[in-house]
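Architecture and fold: a report
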Amino acid sequence: MTSPSPDEVTQLLLDWSNGDKAALDRLMPLVYEELRRLAHHYMGRERPGHTLQTTAIVNEAYLQLIDQRNVQWQNRAHFFGIAAQLMRRVLAGYARSRHYAKRGGGARQVSLEEAMILSEERAADMVALDDALNALAEIDERKSQIVEMRFFGGMSIEETAEVLGVSSGTVMRDWTMAKAWLRREIGKEVKNES
Amino acid sequence: MKADEWQRINDLFHAALDRDPGARAAFLAHACAGDEDLRVEVESLLASHDPSDNFIESLAPDLAAGLLAESHARLATGQSVGNYRVMALLGAGGMGEVYLTEDTRLGRRVALKLLPAQFTTEPDRLHRFEREARAASSLNHPNIITIHEVGQLEGEPFIITEFIEGKTLRQQMAAATMMLREALEVAIQVASALEAAHKAGIVHRDIKPENIMLRPDGLVKVLDFGLAKLTESQSHGPGAEAMALASVQTKTGLVMGTVTYMSPEQARGLAVDARSDIFSLGAVIYEMVAGRVPFEGATTSDVIVSILEREPAPLSRFAPGVPDELEQMVKKALAKDQEERYQLANDLLIDLRNLKQEMELQAKLDAVRPAGSKGATPAGLRGSVDTDEQLTTRSTDAEVATTVPSAAYLVGKIKTHKRAVALGLAVLMIAGAAIIYFIYFTRGKAIHSIAVPPSVNASNDEEKKRLTKPETENAEANQLYKEGLYYSRKNTDEATLKSGEYFKQAIEKDPTFALAHVELARYYWLMAGYGNMRPNEAWQKAEEAVVKALAIDESSDAREILAAVKMWKDWDWSGAERELKRAIELNPQGDRALMNRLLETSGRIDEAIADASVDWNQPHTGSRLAREERLPKLLSLAGRYSEALEGWQKIVEKETDRRGMAHLAIGEIYVRQGRYEEALAEMLEVIARVRYPRERARIGYVYAAAGKRREAIKILEEMKGLTGKRYNLGTHIATIYAALGNKDEALAWLKKACDEHENGVVDLKVDPRFDTLRADPRFVDLLRRVKLAS
């Protein structure tokens, strides 16, 4: 894909922060591509056995894509929110396609490295978690967003609070409750399947 | 859940957490003040709370980064590309990535292939590819994948194709050693795809196991026609194409291996034609049979050298017992010199088909002989059916020789029981009509033979000729015909629609192909029955087709369809009966369901029950009235409800896709018995299982009769809305009106149904749903019109 200019991406981020939904659809692939590029790049430099830091990559992507002079801290938080959503899609999408391939549906070819990153069992867990998160979003969208940012985006309590415009205490409380709720839902699902 | 309810759960959860674990239960009991649901909800959340564990604390983020780093996927799940939403990555390779996507306009799943970006730098090439891919797709060949759209996403080309559930041949080979029979079947279908493409001037250029998909139902699909054009080097020269391909692979960091199936001329970068595909298919067949590729090497260059210089080891080295014919075929396909290869995919196809037929016959012959004796050909068999047990079969030999038309094959089974040996022999006519003999032997002597059809004993040539339905000499027509049969036997609307196209094409290829005319006529019969065509028109066409078939050759099937035409189109009941009698004469083992249906519609229910109580032969259960449903239906018409219910119940228990129909019939019987509550309960089982509007319309009748007027009217309106698209609903609409007590509307709809020759009007005389109308003179008029009353 042709490289977008920081101006363009920054404008899209601002538009989206101002409530333009279509801007997000344009923005997502751009951020995704940058994250992927950076992940490739860092992976090549890391020593074997060293895991990549998602937060570092997201930070880097932010610096690369966004013109810092024209944005405010809220926009940064929004950007991190997008990254978290993308990370969730990457993981959940990947887990689903593995899950799917296992049931004989598709023609998924899993490379050795990929298989090492996410075991069969973890892939199934990931699918269950993604489903449960969707269900949670129906009841309480904020809690679902908090899990997305914390778990998939690797964001701290403070950063999450910043994006959502609530206090850290609220994020803490929601996070605790959301975890209990998700654990219970996933437990249910496992029981239903067995 | 209501927001305040959820808020309350939240508050209580946190309030309880603030207390000592020991004090929580008491606190909740008090705070919930008798609201048990609330207490259970919060308790269960508390039980799932574990402050010490690391559930979703640390796992994901860095995993995601790792996956991203490994990912070849340029599209994220959930992302939209035009009208397509990405659901999952299905695979990645040198030619880009394949995603499972949803077409959001049509709500169907399709595959999206995103091609590598470097191809876009040459728009000419992209256009050429697009033209070729579309041309291949437009051949509409069952073994060639259908392309829905070719487009560009921010400069990157993508292709939308049908989504094929199944495995690639590569995966199949990795999972299990292929049986020779399976390998042949795949080879035949790929050759058939190539034959069609080559005829249209399209060369695939990249036939390999990754590009061949196997569906669970056995259909093989060849992917990516024309795609290889994109990688082809502009300048020809030694190794240019192979190098270009290798460089593509290196760039994307994927496993090398595609050179393995390249023809020598392709590997050398020379111009390629259809014969290059034949070579590649030869290499694929080799691998399926031998379990290894014909040309090996540690590096790309080594493989190329092997392709150019070496002869592959004989298949028999890796697959002992492989037929010599196949060895020769593969050798000829893999000839280094194009001129020495098969020149046409069709030639290879014919050889493969012949071998398959021979092997199938051999397998049947093996079944007639005990293990240990082998190697006989059909001709040899006629001379000797001797077994290890030294059965003397001279007498039967003579019989077989005089009674079997020359083009029949002898197959059968031997069963040993104590000292007696039962030898079941079936004489397979070339077109598939089977006549069964059972001849019992004791040691040395045939003592009894049963079920010898009289017509086979007739010695005059004319009679024999009638038994052999002429197949076509035209291989293409035959393939199209078989494809059509495959779809018509699937018994779904969509598949049936498709089958007609194949039969029409088969007739186009060979207008004297009687069987294709017969099946085309049957197709129109089904169209009328399913209501997919205006019945007047469908029956007109069915008649034309069957008359043509009969002009070419008389067959039992054709007579049967002519009988259907007389029943539904002409309402000529005695004429229909005559045709059916002739059909049975021609093939006593043929399907008798239609005769039974004729007895039913003319009100001869007892006769029909007696007829349905004997065992029928059912060649194609899929498209015809199944016998096991005939009997309960007739019993319920005769008012023998408990027996009828028992019959339907058996079908329910079998859990097949006919279960919905059985529940529907049970509900209708309950209505007759006045057991309305039970009837409505049955409908709950039906609703989820209905496939067609006419079935839904029958639910509407049950609702109306059981007093659920509002629901009945809802279905009634729905059905009326469909009458411009479905042409078999008028009689059903009339039954709903009749049950709602609106005689005028009921009769008006029935009259219209008669005007249009809708299929359902043949049941006017017997269908109890019309009982409330019978006394009306207008109904009597209609009965006369369809010649079911004098």
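Residues numbered from 1 in each chain as written. Chains lettered and ligands numbered in written order. Predicted model: local features only at pLDDT ≥ 70, side-chain atom pairs only at ≥ 80, totals over all residues.

**Considering the overall build of chain A**
Regarding its fold elements, chain A presents nine helices and zero strands. Helices and strands in chain A line up, N terminus first, as α-α-α-α-α-α-α-α-α. Long-range contacts, defined here as pairs at least 24 residues apart, represent 64% of the contacts in chain A between residues at least 6 apart. (Helix = DSSP H or I, 4+ residues; strand = E, 2+ residues; numbered from the N terminus. Contact = placed C-beta atoms within 7 Å.)

**Looking at the confidence of the model for chain B**
All names here are of chain B. On average, chain B scores 78 in pLDDT, and the residues at 70 or more come to 76%. In the predicted structure, residues 233-257 sits below a pLDDT of 50 and forms 41 contacts with residues beyond four places in sequence or in another chain. Low pLDDT, under 50, characterises residues 617-625; the stretch is placed with 20 contacts to residues that sit more than four places away or in other chains. (pLDDT = per-residue confidence, 0-100.)

**Details of unusual backbone geometry**
All names here are of chain B. Of note in this structure, Trp571 is not a glycine but carries a positive phi near 50°. Locating Trp571 in the fold gives a position in the loop between helix 23 (556-569) and helix 24 (573-586). A positive phi angle, close to 55°, is found at His757, a residue other than glycine. A count of 22 C-beta atoms within 10 Å places His757 in the buried class. (Buried ≥ 20, exposed ≤ 12 C-beta atoms within 10 Å, placed from the backbone.)

**As for the nonpolar core**
Residue and element names in this part refer to chain A. Formed by 140 residues in total, the largest nonpolar core has its most connected members in Val31 and Ala83. In terms of residue count, the dominant contributor to this core is helix 4 (residues 73-102) (12 residues). Residues contacting Val31, with those up to four places away along its chain left out, are Ala61, Leu65, Ile82, Ala83 and Leu86. (Core = buried A, V, L, I, M, F, W, Y, C linked by C-beta atoms within 7 Å.)

**Examining the packing of helix 23 of chain B against helix 24 of chain B**
Residue and element names in this part refer to chain B. Contact geometry for helix 23 and helix 24: axes closest at 8 Å, N-to-C directions at 170°. The angle between helix 23 and helix 24 falls in the class roughly antiparallel. Helix 23 and helix 24 meet at a crossing whose hand is left-handed. Along the contact surface, helix 23 presents Ser556, Arg559, Glu560, Leu562, Ala563, Lys566 and Met567, while helix 24 presents Gly575, Ala576, Glu579, Leu580, Arg582, Ala583 and Leu586. (Axes fitted to C-alpha atoms, helices over the stretch in contact; angles between N-to-C directions. Parallel < 35°, antiparallel > 145°, perpendicular 65-115°, else oblique. Left-handed = near helix turned anticlockwise from the far one by under 90°.)

**Points about helix 8 (residues 157-164) of chain A**
For helix 8 of chain A, the full list of buried residues reads Glu159, Thr160, Ala161, Glu162 and Val163 of chain A. One or two steps after helix 8 of chain A, the chain reaches Gly165 of chain A, where phi turns positive at roughly 65°.

**What about the pairing of strand 4 (residues 108-114) of chain B?**
All names here are of chain B. With respect to burial, strand 4 is a largely interior element, five of its seven residues being buried. Where strand 3 (residues 96-103) folds back onto strand 4 in an antiparallel hairpin, the turn is made up of four residues, including Gly107, whose phi is positive at roughly 65°. Here strand 4 runs beside strand 6 (residues 156-162); their pairing, made up of five bridges, is antiparallel. Within the sheet, the bridge partner assigned to Leu112 lies in strand 6 and is Ile160. (Pairing = 2+ DSSP bridges.)

**Observations regarding the packing of helix 31 (residues 693-705) of chain B against helix 32 (residues 709-722) of chain B**
Residue and element names in this part refer to chain B. Relative to each other, helix 31 and helix 32 sit at 150°, their axes nearing to 8 Å. With respect to helix 32, the axis of helix 31 lies roughly antiparallel. Considering how the two elements wind past one another, helix 31 and helix 32 form a crossing that is left-handed. Mapping the contact onto sequence places Pro693, Arg696, Ala697, Ile699, Gly700, Tyr703 and Ala704 in helix 31 and Arg709, Glu711, Ala712, Ile715, Leu716, Met719 and Leu722 in helix 32. Looking at the contact of helix 31 with helix 32 residue by residue, the class counts come to 10 nonpolar, one polar and three charged. (Nonpolar A, V, L, I, M, F, W, Y, C, P; charged D, E, K, R; others polar.)

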